[in-house]
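Structural characterization, general
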Amino acid sequence: MKIDYFKIPEIKVSYKDTVKTSERFQIKCSEDVIKIFKVAFEECMQHHEESYVIYLNRSNKVLGISNISKCGVASTIVDVKIIMQTALKVHASGIILSHNHPSSNSRPSMQDMTLTENIKSACKLLDITFLDHIIMTDEDYYSFASEGRL
């Protein structure tokens, strides 16, 4: 059987890391995480929902932050596969998910709780620590970890 290799797509997976480990920001407490997410959500906090993930190494040093989704005023679509794909690409040992609620209500919805459980399961399967899911508002936040829901 002859195979035409020009009809098979090539798959490339890459991550270029140009920051020295000693120069990476290290997350030491929940306030560090909130500071990062406040900056990330600065432009959209009261207008529309977005989701971000912080990817960490074993020392809780930030490998990077990624915008996972941007959507409407009442919801955003978060694809667990995209989160895990990026985590594997950057060799993350831990992740922290966050999304904002423009309504200023920081309480999680049923969809937020389901998403958290789905990510928790995916992380467990891939041996990645799911440190927190934080819902941000302009004046408050809700932490699944702080509430004992992870």
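Structure: above.
Let me begin by describing the structure that accompanies this report. Remember, predicted model here, so these are calculated numbers, not experimental data. (Residues numbered from 1 in each chain as written. Predicted model: local features only at pLDDT ≥ 70, side-chain atom pairs only at ≥ 80, totals over all residues. Heavy atoms only, no water.)

1. Section: the overall build of the protein
Within the protein one finds three helices and five strands. Reading the secondary structure of the protein in the N-to-C direction produces α-β-β-α-β-α-β-β. Along the first, second and third principal axes, the C-alpha set of the protein runs to 65 × 35 × 30 Å. Sorting the 150 residues of the protein into buried and exposed places 41% on the buried side. Total accessible area on the protein stands at roughly 9600 Å², and carbon and sulfur atoms take up 52% of it. Computed over 18 positive and 19 negative side-chain charges, the separation of the two mean positions in the protein equals 10 Å. (Helix = DSSP H or I, 4+ residues; strand = E, 2+ residues; numbered from the N terminus. Buried < 20%, exposed > 50% of the residue type's maximum accessible area, 1.4 Å probe, protein only. Areas by Shrake-Rupley, 256 points an atom, 1.4 Å probe, with all protein chains shown as cover. Lys, Arg positive; Asp, Glu negative; His and termini not counted. Charge placed at Lys NZ, Arg CZ, Asp CG, Glu CD.)

2. Examining the packing of aromatic side chains
We describe a pair of aromatic rings using the distance from one ring centre to the other and the angle between the two ring planes. By the definition in use, this model includes three aromatic pairs. Aromatic pair F37 and F41: ring centres 6.1 Å apart, planes at 40°, arrangement tilted. Look at F41 and Y52: their rings are 5.2 Å apart centre to centre, the planes differ by 85°, and that puts the pair in the edge-to-face class. Pair noted here: F41 is in the loop between α1 (30-40) and β1 (50-56) and Y52 is in strand β1, with a separation of 11 residues, a long-range link. Residue classification places Y52 among the buried residues on the basis of a relative accessible area of 14%. Grouped by ring-pair contacts, the aromatic residues F37, F41 and Y52 constitute a single cluster. (Phe/Tyr/Trp six-rings, centres within 6.5 Å; stacked < 30°, edge-to-face > 60°.)

3. Re the environment of I95
Position of I95 among the secondary structure elements: in strand β3 (residues 94-100). Here I95 falls in the buried class, since its relative accessible area comes to 0%. Residues contacting I95, with those up to four places away along its chain left out, are V53, I54, Y55, I83, A87, I119, C123, I128, T129, F130, L131 and D132. (Contact = heavy atoms within 4.5 Å.)

4. Here's the deal with the environment of T116
Within the fold, T116 resides in helix α3 (residues 110-126). Residues T116 and F130, spaced 14 residues apart in sequence, show a C-alpha to C-alpha distance of 9.3 Å.

5. Side note on the side chain of D112
With respect to the helices, strands and loops of the structure, D112 is situated in helix α3. Of the side chains bearing the opposite charge, R149 lies closest to the buried D112, which forms no salt bridge; the N-O distance is 9.2 Å. Ignoring any residue separated from it by four or fewer positions in sequence, one finds D112 in contact with H99, H101, R107, H133, I135 and F144. (Salt bridge = Lys/Arg side-chain N within 4 Å of Asp/Glu carboxyl O.)

6. Some words on unusual backbone geometry
The residue N60 is not glycine, and still its phi comes out positive at about 60°. Mapping N60 onto the fold places it in the loop between β1 and β2 (62-70). Given a relative accessible area of 28%, N60 falls into the partly exposed group. Not every positive phi belongs to a glycine, and S104 is a case in point at roughly 70°. As for its placement among the helices and strands, S104 is situated in the loop between β3 and α3. Using a relative accessible area of 40% as the deciding quantity, one classes S104 as partly exposed.

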